Amino acid sequence: MSESPETSSRRPVRSFVIRAGRLTDSQRKAIEQHWQDFVVDYQPQLLDLSAVFPKPGPLTVEIGFGMGDSLLEMAIANPDRNYLGIEVHKPGVGKLLHGIVANDVSNVRIICHDAVEVLTHCLATESIDRLLLLFPDPWHKKKHHKRRIVQPAFIELVRSRLQTKGTFHLATDWQPYAEHMLEMLEDSALTNTQGKGSYWLEPERPETKFQRRGQRLGHGVWDLLYQKS
Ligand SMILES: C[S@@+](CC[C@H](N)C(=O)[O-])C[C@H]1O[C@@H](n2cnc3c(N)ncnc32)[C@H](O)[C@@H]1O
């Protein structure tokens, strides 16, 4: 039966589709054994960060951490910071859980849910020191551009959750998306740390899995770093 336009117009446009990825044995085992220790179950209510992390520290949030390798690397290198990874892809959550336990890491927590809803309902205004959006799904086709997560309302949501002087770091391997990000962000209330209209040419971050895939395909990489003043 076809849906009435009224019903379909109420469904939010999401920046992801849940991929039917099979879990490896180690991912399944990590989910079964360690979910309750490191995954915060989504509830549409404010999170008490002091109850979520064992130690206080500046908060980095990564949206769409994929398989989580770069998030784990950053968390190991910066034990005095806290890291909240948000991802909807279960195999990635399993892989990161496995890495957290294998490396005895205590400063990472995960939420397996739509990041837009997590930012909206769970994270207080001015609570985030750094927000990372590394290689978000580029949604190449024009008819899918509305699914791109970087849109004016999303940027305003990010800005509201950032602390003063907090940063928003984005990267993509798809030039038209980089140009779209730059255009939207230059029109926003955030400040480009590299100067108006400029990309961040020497970004400080680990390489990600999706970045390596892009490089194999001959893609370039564009990073952007904005700050809340
Ligand atoms: C292209 S992948 C990049 C993964 C990783 N950052 C990397 O560079 O290897 C984008 C990821 O973002 C996740 N994602 C997209 N929209 C999301 C959302 N609204 N909330 C949480 N995760 C999202 C997808 O599930 C996917 O794993």
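About the cut-offs
- Residues numbered from 1 in each chain as written.
- Predicted model: local features only at pLDDT ≥ 70, side-chain atom pairs only at ≥ 80, totals over all residues.
- Heavy atoms only, no water.
- Buried < 20%, exposed > 50% of the residue type's maximum accessible area, 1.4 Å probe, protein only.
- Helix = DSSP H or I, 4+ residues; strand = E, 2+ residues; numbered from the N terminus.
- Pairing = 2+ DSSP bridges.
- Right-handed = clockwise from strand over helix to strand, strands pointing away.
- Near = heavy atom within 4 Å.
- Polar contact = N/O pair within 3.5 Å; in protein donor to acceptor, adjacent residues only side chain to side chain.
- Areas by Shrake-Rupley, 256 points an atom, 1.4 Å probe, with all protein chains shown as cover.
- Nonpolar A, V, L, I, M, F, W, Y, C, P; charged D, E, K, R; others polar.
- Patch = residues over 30% accessible without salt bridge, like charges linked within 9 Å, V, L, I, M, F, W, Y side chains within 5 Å.
- Salt bridge = Lys/Arg side-chain N within 4 Å of Asp/Glu carboxyl O.
- Lys, Arg positive; Asp, Glu negative; His and termini not counted.
- Charge placed at Lys NZ, Arg CZ, Asp CG, Glu CD.
- Core = buried A, V, L, I, M, F, W, Y, C linked by side-chain atoms within 4.5 Å.
- Contact = heavy atoms within 4.5 Å.

Just give me the short version of the pairing of strand E2 (residues 82-86), but keep the residues and values in it.
Within E2, five of the five residues are buried, leaving the element largely enclosed by the surrounding structure. The alternating pattern of E2 places Asn82, Leu84 and Ile86 and Tyr83 and Gly85 on opposite faces, both of which are buried. In terms of strand pairing, strand E1 (residues 59-63) meets E2 through five bridges, oriented parallel. Each bridged residue has a counterpart across the sheet, and for Ile63 the counterpart in E2 is Ile86. This β-α-β element, E1 to helix H4 (residues 69-77) to E2, shows right-handed connectivity. Judged from the four bridges that link them, E2 and strand E3 (residues 108-111) form a sheet pairing that is parallel. Note on E3: the bridge partner recorded for Leu84 is Arg109. With respect to chirality, the unit in which E2 leads through helix H5 (residues 90-102) into the neighbouring parallel E3 is right-handed.

Give me the lowdown on the site of the ligand, citing residues and values where you can.
Around the ligand lies a shell of 21 residues, among which Ser15, Gly64, Glu87, Leu134 and Thr208 are the nearest. With respect to the ligand, the side chain of Ser15 contributes an N or O atom lying 2.8 Å from a nitrogen atom. A distance of 2.6 Å separates an oxygen atom of the ligand from a polar side-chain atom of Glu87. Protein chains shield 94% of the accessible area of the ligand, which is 600 Å² for the free molecule. Here the residues of the shell around the ligand are counted per class, giving nine nonpolar, six polar and six charged.

Tell me about a positive patch on the surface, and name the residues and values.
On the surface, Arg19, Lys209, Arg213 and Arg216 cluster together into a patch of positive charge. Within the secondary structure, Arg19 is located in the loop between helix H1 (5-10) and helix H2 (25-38). By relative accessible area, Arg19 is classed as exposed at 52%.

Can you tell me about the pairing of strand E7 (residues 222-227), naming the residues and giving the values?
The element E7 is extensively covered by neighbouring structure, given that five of its six residues are classed as buried. With six bridges joining them, strand E5 (residues 162-172) and E7 adopt antiparallel strand pairing. By the bridge assignment for E7, Phe168 is matched with Tyr226. Alignment of strand E6 (residues 191-192) against E7, held across two bridges, turns out to be antiparallel. Bridged to Thr191 within E7 is Gln227.

Describe the nonpolar core, and please don't skip the residues or the numbers.
Val61, Ile63, Leu119, Leu131, Val150, Phe168 and Leu185 are the most contacted members of the largest nonpolar core, which totals 34 residues. Take this core: its biggest share by element is five residues, from helix H8 (residues 175-186). Those residues in contact with Leu185, other than ones at most four positions away along the chain, are Ile155, Phe168, Leu170, Leu190, Leu224 and Tyr226. Listed in part, the 22 residues of the second largest apolar core include Ala75, Val108, Leu134 and Phe135.

Provide a residue-level description of unusual backbone geometry, including the pertinent values.
In this structure, Glu126 is a non-glycine residue whose phi angle is positive, near 60 degrees. Assignment of secondary structure puts Glu126 in the loop between helix H6 (115-121) and strand E4 (128-134). The backbone phi angle of Phe135 is positive, close to 55 degrees, even though this residue is not glycine. With respect to the element layout, Phe135 can be found in the loop between E4 and helix H7 (152-161).

I'd like a rundown of the pattern of salt bridges, residues and numbers included.
Pairing between side chains becomes possible if they bear opposite charge and their charged atoms approach one another. Evaluated as defined, the whole model comprises 12 salt bridges. In this structure, the salt-bridge partner of Asp114 is Arg14, at a minimum N-O distance of 2.7 Å. A residue pair is termed long-range when its members are at least 10 positions apart, and Asp114 in the loop between E3 and H6 and Arg14 in the loop between H1 and H2 qualify at 100 residues. Classification of Arg14 as partly exposed rests on a relative accessible area of 27%. What emerges from the salt-bridge pattern is a single network uniting Arg14, Asp114 and Glu117.

All we've got here are geometric facts, nothing functional implied.
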